[in-house]
Amino acid sequence: MAPVDLGKISSNVLKNAASGENVELGSLWQDQAVVLFFLRRFGCQICRWMASEVSKLEPSLKANGVALVGVGPEELGLEEFKTGQFFKGDVYIDEKKKSYKDLGFKRYNALSVLPAAMGKRVRDIASKASAEGIQGNFTGDLLQSGGVLIVEKGGEKVLLHFIQDSPGDHVALEDLAKALGISASVQPGQRPQCNADVCTR
């Protein structure tokens, strides 16, 4: 994957899920460093667990002047996601999925999504999510993958660009903190499991 061209993607438009206002992606790192967490779907059980995991860092991020932002590829499932309080940062929608595409977050096809969803990593996360009372559903785009982008304040440079290879892939909390050069004392949850039921959820 080629290095991220922040100049190219900074003008991509996202919709603020709370206000409905359209903003440019680059505005999110203009005045502070930012952790951008790109979800596969708001209804995805695994994504909800990952959102709750990364949210454990929010107090440390805030204390260090770093914003935590979630991005979804569509509005479907957003209200339930907000009601479930899975994520502690601001949430935006990439309605055209342009940032997903520009950042190399792949799309599965009907043949590739099931084997990906049946992987051990996904099964592990799904079982952990279930144990923590986090459920999911099958609404929305089942084929989109996600990832993480961390950008330094002012768009000086990309500190981390992580692309999911399978639906169960995620960045460990200590690796997120390390990329930002901050210390965070959080207890990560154990990885849950995923199956066709859950990961496509």
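Refer to the structure printed above.
Predicted model only: the values in this text are computed from it and were never measured. (Residues numbered from 1 in each chain as written. Predicted model: local features only at pLDDT ≥ 70, side-chain atom pairs only at ≥ 80, totals over all residues. Heavy atoms only, no water.)

Considering the pairing of strand 5 (residues 90–93)
Definition in use: Here, any two strands with at least 2 DSSP bridges between them count as paired. Secondary structure follows DSSP: runs of H or I at least 4 residues long count as helices, runs of E at least 2 residues long count as strands, and numbering of each begins at the N terminus. Whether a crossover is right-handed comes down to one check: with the strands pointing away from the viewer, does the path from the first strand over the helix to the second run clockwise; if it does, it is right-handed.
Pairing between strand 1 (residues 13–16) and strand 5: two bridges, direction antiparallel. Bridging across to strand 5, Asn16 finds its partner in Tyr92. The sheet contact formed by strand 4 (residues 66–72) and strand 5 spans four bridges and is parallel. Pairing of Gly70 across the sheet is with Val91, part of strand 5. Note on the crossover from strand 4 through helix 4 (residues 78–83) to strand 5: the handedness is right-handed.

Brief notes about the sheet that holds strand 6 (residues 147–151)
Put simply, the test is: Axis lines are fitted through C-alpha atoms, for helices just across the contact stretch, and the angle between N-to-C directions can take any value from 0 to 180 degrees.
Strand order in the open sheet made by the seven strands is 2-1-5-4-3-6-7, with mixed pairing throughout. The sheet terminates laterally at strand 2 (22–24) and strand 7 (158–163), the two strands that pair on one side only. Adjacent strand axes in the sheet meet at a mean angle of 30 degrees when their direction is disregarded.

Notes on unusual backbone geometry
Leave glycine aside and you will find that most residues have negative phi; peptide bonds, for their part, are mostly trans. Using the following cut-off: Type-normalised accessible area, obtained with a 1.4 Å probe on protein chains alone, sets the label of each residue: buried when under 20%, exposed when over 50%, and partly exposed for intermediate values.
A positive phi is found at Gln85, a non-glycine position, where the angle reads about 50 degrees. Locating Gln85 in the fold gives a position in the loop between helix 4 and strand 5. The exposed category is assigned to Gln85, whose relative accessible area is 68%. Even without glycine at this site, Lys97 takes up a positive phi of about 60 degrees. Summarising the element assignment, Lys97 is placed in the loop between strand 5 and helix 5 (98–102).

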